[in-house]
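# Understanding the architecture of this molecule
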Amino acid sequence: LFRGEGGVPKEAKVAWSCKLGRWDLLFSFFNFFATEFHWGSEVVSVRVGRRSFSVETLLFDALKGRTEERLHIEDPFQLGRNLHCVLRLENEYALYNKLWEAMQAMSRLEVPTGLAPVETLASGRMAVLS
């Protein structure tokens, strides 16, 4: 696990490529958080780097609010800080709904509202994302 001390670990110095185009990658992001991610029990953790659940005490014992049915985002440097603290519960619901709406729009090959300049909203899929 990366603890922020010293240099970049050799495990982090890897080359990778993504075979997905930008459109498919963005759709996969929205689809994951709208349909696959377990809101309330799974933790977004860049420190751990894999899908993890808040009940994994060896990883998240210090994470505040980890037993609440809320979105859990671990601060990678302040391990006790759950970044859901900056969202009110109603904003968390709004975030989930916007992720769902974006996934639905992209499944119809429409650019999600808010991602396209106003003049391209009517034209559907943007060339920039293809």
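Scroll up for the structure.
Since the structure is predicted, the reported quantities are computational estimates derived from the model, not experimental observations.

Cut-offs used in this document
- Residues numbered from 1 in each chain as written.
- Predicted model: local features only at pLDDT ≥ 70, side-chain atom pairs only at ≥ 80, totals over all residues.
- Heavy atoms only, no water.
- Helix = DSSP H or I, 4+ residues; strand = E, 2+ residues; numbered from the N terminus.
- Buried < 20%, exposed > 50% of the residue type's maximum accessible area, 1.4 Å probe, protein only.
- Polar contact = N/O pair within 3.5 Å; in protein donor to acceptor, adjacent residues only side chain to side chain.
- Contact = heavy atoms within 4.5 Å.
- Pairing = 2+ DSSP bridges.
- Expected span 1.5 Å × (residues − 1).
- Arc of directions from axis to C-beta.

Inspection of the secondary structure puts asparagine 31 in helix H1 (residues 22–36). According to the relative accessible area criterion, asparagine 31 is buried, its value standing at 19%. A polar atom in the side chain of asparagine 31 sits 3.4 Å from the side chain of glutamate 36. Among all residues touching asparagine 31, those that are not within four sequence positions of it are Glu36 and Met103.

As a further point, take the sheet that holds strand S2 (residues 52–53). One open sheet accounts for 3 strands, arranged S2-S1-S3; its pairing is mixed. Since the sheet does not close on itself, it has two edges, and those belong to S2 and strand S3 (72–73), each with one partner. Pairing between strand S1 (residues 42–44) and S2: 2 bridges, direction antiparallel. Paired with valine 43 across the strands is serine 52, a residue of S2.

An ideal rise of 1.5 Å per residue puts 27 Å on 19 residues; helix H3 (residues 89–107) measures up with 27 Å between its terminal C-alpha atoms. Restricting attention to buried positions, one finds in H3 the residues Glu92, Leu99, Ala102, Met103, Ala105 and Met106. Projection of H3 onto a plane perpendicular to its axis shows the buried side chains occupying an angular sector of 165°, all on one side. As for H3, its buried residues are in contact with H1. Directly beyond the C-terminal end of H3, a positive phi value near 60° is found at leucine 109.

Bringing unusual backbone geometry into the picture now. Phi at leucine 109 takes a positive value of approximately 60°, unusual for a residue other than glycine. Tracing the backbone shows leucine 109 in the segment after H3. In this structure leucine 109 comes out as partly exposed when scored by relative accessible area, which is 48%.

Mapped onto the secondary structure, arginine 70 falls in the loop between helix H2 (57–60) and S3. Given the relative accessible area of 14%, arginine 70 is considered buried. Taking the C-alpha atoms as reference points, arginine 70 and cysteine 85, 15 residues apart in sequence, are found 9.8 Å from one another. Setting aside its immediate chain neighbours within four residues, arginine 70 contacts Trp39, Gly40, His84, Leu87, Arg88, Leu89 and Glu92. A polar side-chain atom of arginine 70 sits 3.2 Å from the main-chain carbonyl oxygen of histidine 84.

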